[in-house]
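Report on the structure
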Amino acid sequence: MISRLWAFISGPQVYRIYSTDRTSATYPQNVLENGGQQVLKGITLLISISQYMSPLIMIYLYKKNYTLDALCISAFKLTASITLLFCMSFAMRGIGRAFNPSYSNFLVNLKEDEEKQAKGNYTYALIAQKYDCSVSVLPASFEMKECNASSRVPSFFQEYFSVSGIAAHVLGRPLIYPGSIQLLQYLLTPHLEEGRANLILKEKGKRAIVKACDKNVIDSLFVDRRSRGTPQGSTLVICCEGNAGFYEIGIMATPVAAGYSVLGWNMPGFAGSSGQPFPNEVQSAADAVMQFAISGLGFSPDNIIVHGWSIGGYPASWLAQHYPDIRGLILDATFDHVLPLAVPHMPAVMSGLVKSVIESRFDLCTGRQASQYFGPITIIRRRNDEIISTTPGDVTTNRANELLVMVLQSRYPQLFSSASTRALSHYIAAGSETRKSEILMAHDVNSDEALGMLRSFFAEDVPSFPSELGVGHSEQEKTKLLLFLATKMLVDVDGGHANPLEVAVFKQPWSVVDDSSYEQVE
């Protein structure tokens, strides 16, 4: 009796119930259950908000001349009150669940699926195909043993007792990764639940829990199209979301609509994923997802495309750097580094602190990582991007420009001269396809001629980078080749930063040794 009551009290939360006819319904809570759950949710949100307000709270207490003894007594009383309220709310929710037949059915299904999961080798959580419930109850489909991510972690003192450490937690993380703020997640909950339901019921997605080497639990979802027998279906697209993006309502929609197999995941601290989105944890999560795709799902790296949007370009480029044999990398609406975007948006007096926090805690060096990957790559630039342009909507200040130049320079340094660099700058600054065509015509860039030169150069040996392409070529030939390569890497689309990417734009990245790979996916 006591153990059963405890199962109701400590059991996971249920959000939706999936039916066999591929429809879903909101989990029905009774009054007691709903009341207890709302109180628990409210307390959690208040604790989260107080974390960000802690500097202001400390200043207020200091001005009120609170003594250490008074602070300790007040903190003890507050902690005791919150603890008592928590216990009462848990008990009330548990009693409500005990009288709710829907929750009793859930516990029966959970036990059956746990037993079945233990006997079989499943790459997804069985219970997640019947219920949308807390991640805590979902079994891990894959666990990362070895860690390839950065091991540079600040000491405890640096993390919580230094100015830059406190600023990183209180200001840096919420501003750079607003998706990790619990209040925002709470507001997005209905949309996240609906998005998960659509992916599972309509696209036949499978929810899987991946454990990173740092023990963070990463929530992911896999849409398998291999049974279709198409080239797209046999290719996996791993999606890396933006700073307020979630796989439930994010960029998965485009490759799914294009017919690919797709694996989406939420960054640490986002929705069902544990941890916090600091670079080392993001790297560990991305690495675990990639290993799950290879070892768990059975995709070879040369059948995997990594797609990163916005700040998701950071883990995407990290994966490309550490898994150079992937089929390609697509960076959409992303930047070379976060620092040039962060400093202008903060008061000038804080520029030193902002620089210190970013360099020590958020060194999101997408450009440097992408420059160390030499496989097929596409950089998608939004013409009216208001987020990654230092002047909103001005294509000439879009940080994707610097990203493109870094990638080209790392691969073809011999093509860069004063004349070719100037021509490339003019091409990048072009705000329309008409203007870009005019620049290509002015420099007599011919696709067939450029392809012939590239094939002739790379036919002699397996391509190696940095390439010697350009050695012995005239200034005019260097300019032609550099502009042609830019046309293959850079794709301009209309719209702002968060506009959904159209299926017609989603192409497999072009390969310098196989021009046929740059084909529109129907």
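Further up the page is the structure itself.
As a starting point, this report considers the structure included with it. (Residues numbered from 1 in each chain as written. Predicted model: local features only at pLDDT ≥ 70, side-chain atom pairs only at ≥ 80, totals over all residues. Heavy atoms only, no water.)

Turning our eyes to something else, we now look at the pattern of salt bridges. The final tally for this structure, using the stated rule, is 23 salt bridges. The salt bridge involving Arg-196 is made with Asp-132; its shortest N-O contact spans 3.1 Å. Note that Arg-196 is positioned in helix H7 (residues 182-201) and Asp-132 in strand E3 (residues 131-133), a separation of 64 residues in sequence. In this structure, Arg-196 and Asp-132 share a single accessibility class: buried. Taking the shortest distance from any N to any O, the salt bridge between Arg-381 and Asp-492 comes out at 2.7 Å. Of this pair, Arg-381 sits in strand E11 (residues 377-382) while Asp-492 sits in strand E12 (residues 490-493), and the two are 111 residues apart along the sequence. Looking at Asp-492, the relative accessible area reads 10%, which means it is buried. (Salt bridge = Lys/Arg side-chain N within 4 Å of Asp/Glu carboxyl O. Helix = DSSP H or I, 4+ residues; strand = E, 2+ residues; numbered from the N terminus. Buried < 20%, exposed > 50% of the residue type's maximum accessible area, 1.4 Å probe, protein only.)

Moving on: the sheet that holds strand E1 (residues 14-18). Neighbouring strands of a sheet are bound in pairs by backbone hydrogen bonds; such pairs are parallel or else antiparallel. The strand order across the open sheet built from three strands is E2-E1-E3, with neighbouring strands paired in antiparallel fashion. Here the strands that pair on one side only, and so sit at the sheet edges, are strand E2 (24-26) and E3. If you compare each strand with its neighbour and ignore which way they point, the axes differ by 20 degrees on average. Pairing of E1 with E3, which is carried by three bridges, proceeds in the antiparallel orientation. The partner of Ile-17 across the bridge, within E3, is Tyr-131. Sitting on the sheet, helix H4 (residues 101-119) touches E1 and E3, and the angle it makes with E3 is about 95 degrees. Running at roughly 30 degrees to E1, H7 makes contact with E1, E2 and E3 of the sheet. (Pairing = 2+ DSSP bridges. Axes fitted to C-alpha atoms, helices over the stretch in contact; angles between N-to-C directions. Contact = heavy atoms within 4.5 Å.)

Of note, Gly-472 is situated in the loop between helix H17 (447-458) and helix H18 (475-489). Along the chain, Gly-472 and Cys-240 lie 232 residues apart, while their C-alpha atoms are 41 Å from each other.

Okay, the packing of aromatic side chains next. Counted by the stated rule, this structure contains 18 aromatic pairs. Between Tyr-122 and Tyr-124, the ring centres sit 5.9 Å apart and the planes meet at 80 degrees, which makes this aromatic pair edge-to-face. Put simply, the rings of Phe-8, Tyr-27, Tyr-103, Phe-106 and Tyr-131 pair up and form one aromatic cluster. For the cation-ring pair, Lys-206 lies above Tyr-124, with the distance from its terminal atom to the ring centre recorded as 5.4 Å. (Phe/Tyr/Trp six-rings, centres within 6.5 Å; stacked < 30°, edge-to-face > 60°. Lys NZ or Arg CZ within 6 Å of the ring centre and 35° of its normal.)

Looking at chain direction, strand E4 (residues 140-143) and strand E5 (residues 206-211) are connected through three bridges and run parallel. Across the sheet, residue Glu-143 finds its bridge partner in E5, namely Lys-211. Where E5 and strand E6 (residues 217-223) come together, six bridges link them in antiparallel fashion. Considered in E6, the bridge of Ile-209 is made with Asp-219. Two successive antiparallel strands, E5 and E6, enclose a turn made up of five residues, where Lys-215 displays a positive phi of approximately 75 degrees.

Now for the side chain of Asn-401. Within the secondary structure, Asn-401 is located in helix H14 (residues 400-411). If we ignore the near neighbours within four places in the chain, the residues touching Asn-401 are Arg-381, Val-395, Thr-396 and Ile-428.

As a further point, take a nonpolar patch on the surface. Where nonpolar side chains cluster on the molecular surface, the patch consists of Leu-5, Leu-32, Ile-95 and Phe-99 and spans about 390 Å² of accessible area. Exposure remark for Leu-32: the relative accessible area of 39% places this residue in the partly exposed category. (Patch = residues over 30% accessible without salt bridge, like charges linked within 9 Å, V, L, I, M, F, W, Y side chains within 5 Å. Areas by Shrake-Rupley, 256 points an atom, 1.4 Å probe, with all protein chains shown as cover.)

This part covers the nonpolar core. Leu-408 and Tyr-412 are the most contacted members of the largest nonpolar core, which totals 94 residues. The dominant element in this core, judged by the number of residues it contributes, is helix H9 (residues 279-296), at eight residues. Those residues in contact with Leu-408 that sit more than four places away from it in its chain are Pro-413, Phe-416, Leu-424, Leu-482, Leu-485, Ala-486 and Met-489. Counting residues in hydrophobic clusters, the runner-up holds 26 residues, among them Ala-197, Ala-258, Leu-501 and Val-505. (Core = buried A, V, L, I, M, F, W, Y, C linked by side-chain atoms within 4.5 Å.)

On to the packing of helix H6 (residues 163-176) against helix H12 (residues 351-361), then. Following both chains from N to C, one finds H6 and H12 inclined at 85 degrees, their axes separated by 9 Å at the closest point. One finds that H6 runs roughly perpendicular with respect to H12. Contact with H6, carried on its side by Val-163, Ser-164, Gly-165, Ala-167 and Ala-168, involves Leu-353, Ser-356, Val-357, Ser-360 and Arg-361 of H12 and no other residues of that element. Its residues assigned to classes, the contact of H6 with H12 comprises five nonpolar, four polar and one charged. (Parallel < 35°, antiparallel > 145°, perpendicular 65-115°, else oblique. Nonpolar A, V, L, I, M, F, W, Y, C, P; charged D, E, K, R; others polar.)

With respect to the secondary-structure elements, Ile-249 resides in the loop between strand E7 (236-240) and helix H8 (253-257). Residues Ile-249 and Glu-194 lie 55 residues apart in sequence; the distance between their C-alpha atoms is 8.7 Å.

So, on to the state of the cysteines. Per the counting criterion, the structure on display carries one disulfide. Disulfide partner of Cys-147: Cys-213, at an S-S distance of 2.3 Å. On the criterion of sequence distance, the pair formed by Cys-147 in the loop between E4 and helix H5 (156-160) and Cys-213 in the loop between E5 and E6 is long-range, its members being 66 residues apart. Free of any disulfide, Cys-365 has its nearest cysteine sulfur in Cys-240, 15 Å distant. What makes Cys-365 buried here is its relative accessible area of 6%. (Disulfide = S-S within 2.5 Å.)

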